[in-house]
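Inside the fold
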Amino acid sequence: KKLNLTGELPLAVIRIKLKWWCRVNLADNNGLTLPADMSTLLSDVRSYGEDKLLLRDCSLVGDMSPLGVLTKHGHLDRLDLQGNLFAGEVPEVLFDVLCRARKFQLGGNRLSQRT
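Residues numbered from 1 in each chain as written. Predicted model: local features only at pLDDT ≥ 70, side-chain atom pairs only at ≥ 80, totals over all residues. Heavy atoms only, no water.

A look at the pattern of salt bridges
As a working rule, side chains carrying opposite charge can pair if their charged atoms are close by. The final tally for this structure, using the stated rule, is six salt bridges. Between aspartate 80 and arginine 56 there is a salt bridge; the shortest N-O distance is 3.4 Å. In this pair, aspartate 80 sits in strand 5 (residues 78-80) while arginine 56 sits in the loop between strand 3 (52-54) and strand 4 (60-61), placing the two residues 24 residues apart along the sequence. Of the residues examined, arginine 56 reaches a relative accessible area of 36% and is grouped as partly exposed. One salt bridge connects arginine 102 with aspartate 77, and the closest N-O pair in it is separated by 2.8 Å. (Salt bridge = Lys/Arg side-chain N within 4 Å of Asp/Glu carboxyl O. Helix = DSSP H or I, 4+ residues; strand = E, 2+ residues; numbered from the N terminus. Buried < 20%, exposed > 50% of the residue type's maximum accessible area, 1.4 Å probe, protein only.)

Right, here's the structure in full:
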């Protein structure tokens, strides 16, 4: 928390959050981006995350498109991206993921109302 972190969020950190080995607080940083290739997380989301991907308050910015790979997962029980720093419109590749999720949270971002 408040380490002024920037750059790509390592897949290893997301895996730690999925497996609940410890709490990872990434709030109040300068902005972390999603890894460009998140396909290696698919089995972890199912096995350890119980079909949930909870990336709330992780200071995430930039392109949300890498989450589109989750369409290969089938469906998510929950996708939580609340309290990040995403701006603009939700990418089209993410709409399918959101439509299939039982619950999704995007509040607290700076997303376009056209989304």
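A short note on the packing of aromatic side chains
What the rule picks out here adds up to zero aromatic pairs. The ring of tyrosine 48 has lysine 19 lying over it, and the distance from NZ or CZ to the ring centre is 4.5 Å. (Phe/Tyr/Trp six-rings, centres within 6.5 Å; stacked < 30°, edge-to-face > 60°. Lys NZ or Arg CZ within 6 Å of the ring centre and 35° of its normal.)

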